[in-house]
Amino acid sequence: MSLPNINPTDTKAWKNLEKHYNELETVHMKNLFSMDKQRADKFTIKWDDFYLDYSKNRITEETMLHLLKLAEEVKLKEAIQSQFSGNIINQTEGRAVLHSALRAPKSAVVNVAGENIIPEVYNVKRKIESFTNDVIEGKREGYTGKPFTHVVNIGIGGSDLGPAMVVDSLQFYKNHLTTYFVSNVDGDHVNEVIKKLNPETTLFVVVSKTFTTQETLSNANTIKDWFLQSASKEDIAKHFVAVSTNLEAVKNFGIDQKNIFPMWDWVGGRFSLWSAVGLTISLAVGYNNFNSLLRGANKMDEHFKNTDFESNIPVVLALISIWYNNFFGAETEAVIPYSQYLNQFATYLQQGIMESNGKSVDRNGNQIDYQTGTIIWGEPGTNSQHAFFQLIHQGTKLIPADFIGFVKSLHGNQDHQDKLISNFLAQTEALLNGKTESQVVDEGSKEIIVPFKIFEGNKPTNTIFVNKLSPESLGKLIAMYEHKIFVQGVIWNIFSYDQFGVELGKQLANKILQEFNSETVNNHDSSTQNLLNYYKGFI
Ligand SMILES: O=P(O)(O)OC[C@H]1O[C@H](O)[C@H](O)[C@@H](O)[C@@H]1O
């Protein structure tokens, strides 16, 4: 069974939402709150250690009914079943989409082409575990007999962003190993990392699903050449491991077969941190913590699969986002974690969300005439308050935002925590209520200044309060957004799991690279031609 194929704008719910939008467009949330004392309770979902308050949105109970009807009409339930049961829902690439299987319990049965993939998943997990333990305990040594002190992850896109974000987010749980990530083909990146390394005590994890990615192979080769300045070819087996589906290409690179951690084509790059792509996570925080991350994601999978849509966190978040995107015309969404640890969270989500749902052709191959993929951005609070919050509060654009906070701190300094959380709560309150003219006047502002100090309010936010930042809760949080992506892709009737949009630039870059060495080049538009010639003048 493939995915349902329903144009959302043809549904009854969509038409009802259009009508309903006209009624609600100018309604201020402030009034919705004063009209209904139960509002916050009605629009709150408590699940496990998650507390989602979505009451500060421009919605009523009727809005949610229409949105839930939309989910029903596009056959979301069937789509979820189809994904989890291993159907080829990535139809444009002919693949199943089973990152959820990577965090399923051992007893699960998930068939791909008639074969249960779970035993193979657990074989690789065992390999990750024993390798991790050997490195951490110093049983695995470098070519001069010293234990490893540094790990360098070489990858890009999904083979970099996930592990990098998780390692950064879980640095509180980190062990003695120092980790670096090299991704950019800009030589400065690899150069700066190399400066900090000792070849005798550094382990290199080359991560590439395809093992054809220019950036990763260039960086891996540069590092290998640097390594061979002090070590010999035989030592590569001790210091280089790889994660890939392309076992042949890894062997050709010179990595020992024993050092290959396989992955599968049913794991999309941007959803792959749960596979061996997460090896650097496991090395940095230990296998047990890596496994807790997976357990958390699995709990979210179960919640997503089994909970009615009205209390299903990823579904509700996805529907609200559709409401703003497709009816209010909002183009962007901010993700604001009130945790410095989640510094890279929005960057990570950018790939997941924008690579998945940045599509303009529906599942029939037809051009679509409604908005898809949201633009995602964000930075941790409170820093972001002092940077771009002005525009959210008083600018002309509607920017729905997710506020993510943790009730308990990891540092244990309650003074800092109270200050952080007071800001976390105050911002969504301010965005909701704003400040009226009479309030500004009462504060004694000069008349001429009054208009500049008015806050319109009515700015939507979701508050996601989680008990504590742990590997498990982080796993839930990431999986929550993964499922939100899926739900939106189903509603927009697009294929969320391919990424053909990244190919054209790659092809042209390869062509231009060759042209740097050829005498005459004149097959470009005049702008590109001039720029290319300008650069050639320097090489
Ligand atoms: O893991 P790799 O095969 O090296 O791919 C790395 C990345 O590059 C591609 O261009 C895609 O846009 C990403 O989805 C992918 O994660």
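As named in an unreviewed UniProt entry, the protein chain is Glucose-6-phosphate isomerase, taken from Hyunsoonleella aestuarii. Its UniProt record, at the heading Function (unreviewed entry), says of the protein chain: "Catalyzes the reversible isomerization of glucose-6-phosphate to fructose-6-phosphate."

> Which parts of the structure should I look at to understand the UniProt feature "active site" (unreviewed entry) in the protein chain?
Under the present numbering, the feature "active site" (unreviewed entry) in UniProt falls on Glu 355, His 386 and Lys 506. Considering the C-alpha atoms alone, the annotated residues occupy 152 residues of sequence and remain spread out, their largest mutual distance being 37.2 Å. Here Glu 355 is to be found in helix H15 (residues 345-357). With near-sequence residues (within four places) excluded, Glu 355 lies in contact with Arg 270, Gln 350, Asp 498, Gln 499 and Val 502. Engagement of the side chain of Glu 355 in a polar contact is seen with the side chain of Arg 270, the distance being 2.8 Å. Tracing the chain through its elements places Lys 506 in helix H21 (residues 503-515).

> Would you explain the pattern of salt bridges in this entry?
Working definition: two side chains of opposite charge can pair if their charged atoms are close together. Applying the stated criterion across every chain yields a total of 25 salt bridges. Among the ionic pairs, Glu 472 bridges to Lys 476, the shortest N-O distance being 3.5 Å. Placement of both Glu 472 and Lys 476 in helix H20 (residues 471-492) is noted, with a separation of four residues, approximately one turn of the helix. Taken as a pair, Glu 472 and Lys 476 share a single burial class, namely buried.

> How should I be thinking about the sheet that holds strand E5 (residues 150-154) in this particular structure?
Strand pairs in the sheet, formed through backbone hydrogen bonds, run parallel or antiparallel to each other. The five strands lie next to each other as E6-E5-E7-E8-E9, forming an open sheet whose pairing is parallel. Each edge of the open sheet carries a strand with a single partner, namely strand E6 (178-182) and strand E9 (260-262). On average, each strand axis in the sheet is tilted by 20° relative to the strand beside it, whichever way the strands run. Here E5 runs beside E6; their pairing, made up of five bridges, is parallel. Bridged to His 150 within E6 is Thr 178. Those strands touched by helix H8 (residues 187-194) are E5 and E6, and its axis lies near 160° from that of E6.

> I keep staring at the site of the ligand and nothing clicks. Help me out?
Neighbouring the ligand are 13 residues, the closest being Ser 159, Ser 208, Thr 210, Thr 213 and Glu 355. Contacts to the ligand include Ser 208, whose side-chain N or O atom sits 2.6 Å from an oxygen atom. One of the side-chain N or O atoms of Thr 213 is found 2.5 Å from an oxygen atom in the ligand. Summarising the interface, the protein chains cover 88% of the accessible area of the ligand, which totals 390 Å² for the free molecule. Its residues assigned to classes, the shell around the ligand shows two nonpolar, seven polar and four charged.

What counts, and at which threshold
- Position labels on residues start from 1 in each chain and follow its written sequence.
- Local features are withheld for residues below a pLDDT of 70 in this predicted model, meaning they are given only at 70 or higher, and side-chain atom pairs are given and counted only at 80 or more; totals for whole chains, interfaces and linings count all residues.
- Side-chain descriptors were evaluated using all non-hydrogen atoms of the structure, hydrogens and water having been removed beforehand.
- UniProt positions are given in the numbering used here, feature names are shortened, and annotations may be inferred rather than shown by experiment.
- Numbering of helices and strands runs from the N terminus, with a helix taken as a DSSP run of H or I at least four residues long and a strand as a DSSP run of E at least two residues long.
- The contact definition used throughout considers only heavy atoms, calling two residues in contact when any of these lie within 4.5 Å.
- Here a polar contact is taken to be a pair of N or O atoms separated by no more than 3.5 Å, where protein atoms must pair a possible hydrogen donor with a possible acceptor and residues adjacent in sequence count only if both atoms sit in side chains.
- Any carboxyl oxygen of Asp or Glu within 4 Å of a side-chain nitrogen of Lys or Arg constitutes a salt bridge here.
- Any residue under 20% of the maximum accessible area for its type is buried, any over 50% is exposed, and the rest in between are partly exposed; the area is computed with a 1.4 Å probe on protein chains only.
- Strand pairing is assigned whenever DSSP identifies at least 2 bridges connecting the two strands.
- For helices, the axis comes from a line fit to the C-alpha atoms of the stretch in contact; other axes are also lines fit to C-alpha atoms, and the angle between any two N-to-C directions lies between 0 and 180 degrees.
- In this text, near means that some heavy atom of the residue lies within 4 Å of the molecule or strand in question.
- Only the protein chains shown count as cover for residues, and the accessible areas themselves come from Shrake-Rupley with a 1.4 Å probe.
- When residues are sorted by character, Ala, Val, Leu, Ile, Met, Phe, Trp, Tyr, Cys and Pro go into the nonpolar class, Asp, Glu, Lys and Arg into the charged class, and all the rest, Gly among them, into the polar class.

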